[in-house]
Amino acid sequence: MFGAGGGTSSYREIEETDLIILWGSNARETHPIFYHHVLRGVKNGARLYVVDPRRTASAEWAHLWLGLDVGTDIALANAVGREIIHAGLVNWQFVERATTGFEKYREAVEPYTLEWAEKVTGVPAWAIRQLAHDYARADRAELCWTLGITEHHNAVDNVFALINLALLTGHVGRYGSGLNPLRGQNNVQGGGDMGALPNKLPGFQDIEEDAAARARFEAAWGCTIQPKRGMHISQMFEAMASGNLRGLLVIGENPAQSEADAGRAARLLSQLDHLIVQDIFLTKTAELAEVVLPATASWAETEGTVTSSERRVQRVHRALVPPEGARDDIEILTELARRMGHDWGHLTAEQIWDECRSLSPMHRGMRYDRLEAMGGIQWPCPSEDHPGTPFLHGRLWKDPVEGPLAPFQPVQYEPPVDALSDEYPIRLTTGRRLEAYNTGVQSGRYHPPLAKGEHLHLAPEDMRALGLQEEERVRVVSRRGALEVPVHQDPALRPGLAFLSFHYPDQVNTNLLTVDRWDPKSGTAEFKATAIRVEKLAVPAQPAQDVQTMEVPT
């Protein structure tokens, strides 16, 4: 946040704040451990607001659920901001001393009246007003979001719209007040921290703008680093389509099933000159590869570190001996380097971590023994006598402010790119379920009692209008593909909204339907907003595990 890609607050602060907003996050199912902290906060007196198109399991615990139409987050956030301004609830002490760009922001949100926002978002004006007033008046408030905000064609603008609200009210840089992007899966935070971003070196050091950082890495690595960002995954697929990317090494990912417009993704992967996959299972992506490198499970069979959404770096210990034939990721990569003419020796995880600490100021004080003794340390931790940093940007409250001021980023509402029409009248949104994980590579072999296979969730009104019965098999069609799936009546949905997860692609390949239009700033595709139609089939109902997928011919 404000230059470093991490949440500003600790989990403990969620328990000790006065107001919690979950915006585009069904944390009860998708971040269940974090949600325990939310429930403790509610038990301690915090008010909980949930902003989500679905009345999710998280919303069942909320003091107020704001059921907005998919893709209208900026319209809602800007209306909240305008109401805070017009009600005289701006934290002027914070805005005037710690921020820039307020007047441009005020001008940008002025058209977003409560009445206009109600028509666009579907959220009643009184609910928008209540959220605005309660958030601004709260002594401490935590604003949390996840993929419901970021899996859109304007993902970064969605995030800016939320950050603007925190700046407007001063809910950042203090204990119990912060901004928290909940990471989508284990160690996503650690991946970004370590430079798994096309424009960053480890420690969020900019590869284009920070010449001093490049020089440090060049000296340590004995090479020249070009001051030019690489491609994110969506750009890689564009390069495959144009023929400019002909070879790919995939480590621990399953893009043949996880990418939007999965039919196109699989075709492009199969057309590469050379595809190498390094994974613990033979995924659908691995089945397309010329070479498969069997790896170890990083959460149980390797040594190393993992970083949580609260920026806490923790030690990971090998608990199991890997199966015969599997090799540690470090061993695989160092052997690849050796065969390409670069002998890195036999490195341990701790040696690699110590090199990282020497080059990343935010990790410098995190020796392995300190991580063990302290139960993990939150970055930044710039020295070996530093305790770590429970919350970020306290500097904004110092007099004078330390470092750069926090900028308002005015943004404008844009509807989803996959427009609804007479031919495609239903909005499909996708998400996760408690009992499963991603494309099912790790969880698909288990059959928990909660799971009953994938179903298309529809509102009761839509079930009646389409003449459908529970478990009846239907054909779901988008502008990119089609599939067959049984239906489930879901009272948590409003008319015109449907829901599928992406956990069972071998049975129901949801991403055949989703649109691959992606955000130009982040590269994230718009998984959350697909236009579909639902067709009744003249066949008996069948259980979900028997459902097969299909792709519309092109």
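Residues numbered from 1 in each chain as written. Predicted model: local features only at pLDDT ≥ 70, side-chain atom pairs only at ≥ 80, totals over all residues. Heavy atoms only, no water.

**Q** Kindly report on the packing of aromatic side chains, identifying the contributing residues and their values.
**A** Both the distance between ring centres and the angle between the ring planes are used here to describe each pair of aromatic rings. Following the criterion strictly, the structure yields 10 aromatic pairs and no others. Pairing W92 with F102 gives two aromatic rings, centres 5.1 Å apart and planes at 80°, and the pair type is edge-to-face. Of the two residues, W92 sits in helix α5 (residues 92–98) while F102 sits in helix α6 (residues 102–109), which places them 10 residues apart along the sequence. A relative accessible area of 8% means that F102 is categorised as buried. Positioned above the aromatic ring of F499 is the side chain of R54, whose terminal nitrogen or guanidinium carbon lies 3.7 Å from the ring centre. Between the NZ or CZ atom of R311 and the centre of the ring of W379, over which it lies, the distance is 5.6 Å. (Phe/Tyr/Trp six-rings, centres within 6.5 Å; stacked < 30°, edge-to-face > 60°. Helix = DSSP H or I, 4+ residues; strand = E, 2+ residues; numbered from the N terminus. Buried < 20%, exposed > 50% of the residue type's maximum accessible area, 1.4 Å probe, protein only. Lys NZ or Arg CZ within 6 Å of the ring centre and 35° of its normal.)

**Q** Give a description of empty space enclosed by the protein that names residues and reports values.
**A** With the rule as written, the count across this model stands at 4 cavities of 30 Å³ or more. By volume, the largest cavity is sized at about 280 Å³. As for the largest cavity, its lining consists of 23 residues, of which G24, D52, G148, T430 and K528 are closest to the centre. For the lining of the largest cavity, the elements supplying multiple residues, two or more each, are α9 (147–150) and β16 (426–431). No other element matches the 3 residues that β16 contributes to the lining of the largest cavity. The residue makeup of the lining of the largest cavity, split by class, is 5 nonpolar, 13 polar and 5 charged. Considering only enclosed or pocket space, the second largest cavity measures out at about 80 Å³ in volume. Surrounding the second largest cavity, S234, F237, E238, E259, A260, R264, A265, D516, W518 and A525 form its lining. Those elements that place two or more of their residues in the lining of the second largest cavity are α13 (233–242) and α15 (262–270). (1 Å grid on protein atoms, 1.4 Å probe; cavity = no way out; pocket = protein on both sides within 12 Å on 5 of 7 lines; lining within 4 Å. Points joined across faces, edges and corners; volume = space filled by probe spheres on them. Nonpolar A, V, L, I, M, F, W, Y, C, P; charged D, E, K, R; others polar.)

**Q** Now, about the pattern of salt bridges: what can you tell me, with residues and values included?
**A** With the rule as written, the count across this model stands at 37 salt bridges. We note a salt bridge from D134 to R47, for which the minimum N-O separation is 3.5 Å. Of this pair, D134 sits in helix α8 (residues 125–137) while R47 sits in strand β2 (residues 47–51), and the two are 87 residues apart along the sequence. Using a relative accessible area of 30% as the deciding quantity, one classes R47 as partly exposed. One salt bridge connects E331 with R327, and the closest N-O pair in it is separated by 3.0 Å. Here the salt bridges do not stand alone but share partners, grouping D354, R357, R367, D369 and E384 into one network. (Salt bridge = Lys/Arg side-chain N within 4 Å of Asp/Glu carboxyl O.)

**Q** Residue-level account of the packing of α13 against α15, with values.
**A** The interhelical angle for the contact between α13 and α15, taken along N-to-C directions, is 60°, at an axis separation of 10 Å. By the angle between their axes, α13 is oblique relative to α15. Our pair here, α13 against α15, has a crossing hand that is left-handed. Residue-level inspection shows F237, E238, M240 and A241 of α13 in contact with α15, the latter providing R264, A265, L268 and L269. Residue classes in the contact of α13 with α15 are distributed as 6 nonpolar, no polar and 2 charged. (Axes fitted to C-alpha atoms, helices over the stretch in contact; angles between N-to-C directions. Parallel < 35°, antiparallel > 145°, perpendicular 65-115°, else oblique. Left-handed = near helix turned anticlockwise from the far one by under 90°. Contact = heavy atoms within 4.5 Å.)

**Q** An account of helix α10 (residues 155–169) is requested, with residue identities and associated values reported.
**A** Side chains three or four residues apart in an α-helix point the same way, a direct result of the helix having 3.6 residues per turn. Along its 15 residues, α10 runs 22 Å from first to last C-alpha, staying within 8% of the 21 Å computed at 1.5 Å per residue. Burial within α10 is extensive, with 14 of its 15 residues counted as buried. Phi turns positive one or two residues past the end of α10, at G170, with a value near 75°. (Expected span 1.5 Å × (residues − 1).)

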